[in-house]
Each structure stands twice: as structure tokens, then as C-alpha cells.
Amino acid sequence: GITFKNEKLEISSFAEDFLDDLAAAMIHYPSMLIQLISYTDARGYAVSNYRASQKRADAIKNYLTNKGVEALRVIAVGEGENKIVNRCIDGVFCEEVEHAVNNRIEILGIED
């Protein structure tokens, strides 16, 4: 439900509800820390994919901070194409839906 077009964050209503709930939980539990890890598919250059994934993680962090979450409680990490979860690596033809699986953001809780 979270997509990026022309480096602009687009959030579906489902994903927005989820992120709003996450922000509310973080405000309610002030010791809660999270790490946002963003990944891309393998198309394009690895360096460009790394940069894009960092921008995506930063965009989600900014969304949460705009909802009142303290920036220090959210670690945003871009991993680019480092963890492809299917066969869609460089040089392999894949359908768009297969590439989409690799464009993802993982949210991990961090113990304080």
C-alpha cells in the first residue's frame, strides 16, 4: 500500500491507517523504537537503488514524525537491492508483479 512515483510518497488508505496506528502506538509507548528497512527490486543500477531505498525509508520516517513521533525513535535504513526475495535478480526477466515483491519496507521493533 506504500508506493513511490517520481520520488513522491503515495500511501493507500490501508497503509495510511497502518502508519497512523503505528504513530499512535509509538506516542502511547514512549520507549518504543523502530527500524524502517527499505528495499528495491534489481532493475537499474545498484547505487541508484540504494539511494532510492534510503529516500523511501526517510519518507516513511518523515510521515511518522509529522504525526508526532520523535525522530530519534525511528531509524531509517535503505538497503537497495541487497535482499531480493525471489528469482528477479540482474539479468533475469520478470513480470512487473514479480519485481513489485522486492519493493518493500520492513518495520522492526527495537528493544530499548
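In the block above lies the structure referred to throughout.
Residues numbered from 1 in each chain as written. Predicted model: local features only at pLDDT ≥ 70, side-chain atom pairs only at ≥ 80, totals over all residues. Heavy atoms only, no water.

Engineer: Give a description of the packing of aromatic side chains that names residues and reports values.
Structural biologist: This structure, assessed with the given rule, holds zero aromatic pairs. Taking the ring centre of Tyr 39 as reference, the NZ or CZ of Arg 104 above it sits at 4.0 Å. (Phe/Tyr/Trp six-rings, centres within 6.5 Å; stacked < 30°, edge-to-face > 60°. Lys NZ or Arg CZ within 6 Å of the ring centre and 35° of its normal.)

Engineer: I'd like to hear about the sheet that holds strand β3 (residues 33–39), residue by residue, with values.
Structural biologist: In sheet architecture, strand pairing relies on hydrogen bonds along the backbone and comes in two forms, parallel and antiparallel. With respect to topology, three strands assemble into an open sheet ordered β4-β3-β5, the strand pairing being mixed. Only two strands of the sheet have a single neighbouring strand rather than two, namely β4 (74–80) and β5 (104–110). For this sheet the average axis-to-axis angle between neighbouring strands, irrespective of direction, equals 20 degrees. Sheet analysis places β3 next to β4, joined by six bridges and oriented parallel. Residue pairing in the sheet places Leu 36 in a bridge with Ala 76 of β4. Taken strand by strand, helix α2 (residues 46–66) contacts β3, β4 and β5, and its axis lies near 160 degrees from that of β4. (Pairing = 2+ DSSP bridges. Helix = DSSP H or I, 4+ residues; strand = E, 2+ residues; numbered from the N terminus. Axes fitted to C-alpha atoms, helices over the stretch in contact; angles between N-to-C directions. Contact = heavy atoms within 4.5 Å.)

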